[in-house]
Amino acid sequence: MVGRATVRVEHVPGHTLGSIALVVDDSLALTGDFLFVQSVGRPDLGGQRDAWARLQWHSLARVRNAWPGDRLVLPAHYAGEAERRADRAVAARLDVIAATNAGLAIGEEAAFLRWVADNTLPPPETYRTIKLANLGLVEVLEAEAEILEFGPNQCAVR
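Residues numbered from 1 in each chain as written. Predicted model: local features only at pLDDT ≥ 70, side-chain atom pairs only at ≥ 80, totals over all residues. Heavy atoms only, no water.

Another aspect to go through is the side chain of threonine 31. Among the structural elements, threonine 31 can be located in strand E3 (residues 28-32). At 2.6 Å, the side chain of threonine 31 forms a polar contact with the backbone oxygen of leucine 35. With sequence-adjacent residues up to four places away left out, threonine 31 is seen in contact with Ile20, Ala21, Trp67, Val73, Leu74 and Pro75. (Helix = DSSP H or I, 4+ residues; strand = E, 2+ residues; numbered from the N terminus. Polar contact = N/O pair within 3.5 Å; in protein donor to acceptor, adjacent residues only side chain to side chain. Contact = heavy atoms within 4.5 Å.)

Here it is, written out as structure tokens:
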């Protein structure tokens, strides 16, 4: 319980091995970098693209089959204004995402793995710095951290 809300943690590996979604009151899901409005989290940043893409496929298939279509998905990022609602929120119902998101719409694992391989861009220039900072191996100034954190969404397969 968080206040009056019930929050359930669902393990959805693929973008990372520890990816989770927080399902709140069974009506909305905070999906982090796992599932976006128009894309899915890229599985290559840990250097294990093919293995993690298989995990991503299974996580997406489970969500597609188990979550209700009216569940509101709230991802961590967006790539453009088309992913925002009229109220400027970055959110969409799962049934809308399932109908319009290329990665989530793929119905076969082999096709998904091909799609990931064909559509994954090279890792972002900033990723090495972010990873080292997250591990505590380099220090970044607060202004630099803001630039690293608030840059464009480069966590997605498009």
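On we go from here.
This part covers unusual backbone geometry. For aspartate 26, which is not glycine, the phi torsion reads 55 degrees and is therefore positive. Residue placement: aspartate 26 occurs in the loop between strand E2 (20-24) and E3. Take aspartate 26: its relative accessible area is 46%, and that puts it in the partly exposed class. Even without glycine at this site, arginine 88 takes up a positive phi of about 80 degrees. For arginine 88, the location among the structural elements is in the loop between strand E5 (72-75) and strand E6 (92-93). (Buried < 20%, exposed > 50% of the residue type's maximum accessible area, 1.4 Å probe, protein only.)

This next bit is on the packing of aromatic side chains. Summed over all chains, the structure comprises two aromatic pairs. Here tryptophan 57 and phenylalanine 112 contribute two aromatic rings whose centre-to-centre distance is 5.8 Å and whose plane-to-plane angle is 45 degrees, an arrangement assigned as tilted. Here tryptophan 57 is found in helix H1 (residues 49-66), whereas its partner phenylalanine 112 is found in helix H4 (residues 109-119), with 55 residues between them in sequence. The residues tryptophan 57 and phenylalanine 112 share a single accessibility class, namely buried. Taken together, the aromatic side chains of Trp57, Phe112 and Trp115 make up a single cluster linked through ring pairs. (Phe/Tyr/Trp six-rings, centres within 6.5 Å; stacked < 30°, edge-to-face > 60°.)

Listing the buried residues of H4 in full gives Phe112, Trp115 and Val116. The buried residues of H4 occupy an angular sector of 100 degrees when the element is viewed end-on, so they sit on one face. Of the residues in H4, the exposed ones pointing more than 90 degrees away from the buried face are Arg114 and Asp118. In this fold, the buried residues of H4 make contact with strand E4 (40-41), H1, helix H3 (102-105) and strand E7 (156-157). (Arc of directions from axis to C-beta.)

Right, let's get into the nonpolar core. Counting 25 residues, the largest nonpolar core has Leu35, Val40, Leu60, Trp67, Leu94, Phe112 and Trp115 as the members making the most contacts within it. With five residues, the top contributor of residues to this core is H1. Every residue in contact with leucine 35, bar those within four places of it in the chain, is listed here: Val40, Leu60, Val73, Pro75, Leu94, Ile97, Asn101 and Leu104. (Core = buried A, V, L, I, M, F, W, Y, C linked by side-chain atoms within 4.5 Å.)

Before going further, it helps to examine the pattern of salt bridges. Pairs can form between side chains of opposite charge whenever their charged atoms are close. Under the definition given, this model contains ten salt bridges. Notably, a salt bridge pairs aspartate 26 with arginine 8, separated by 2.7 Å at the nearest N-O pair. In this pair, aspartate 26 sits in the loop between E2 and E3 while arginine 8 sits in strand E1 (residues 7-11), placing the two residues 18 residues apart along the sequence. For the salt bridge of aspartate 95 with arginine 93, the shortest nitrogen-to-oxygen distance reads 2.6 Å. Exposure remark for aspartate 95: the relative accessible area of 34% places this residue in the partly exposed category. Residue class for arginine 93 comes out partly exposed when judged on its relative accessible area of 38%. Bridged by salt links that share partners, the residues Arg8, Glu10, Asp26, Arg62 and Arg71 form one connected network. (Salt bridge = Lys/Arg side-chain N within 4 Å of Asp/Glu carboxyl O.)

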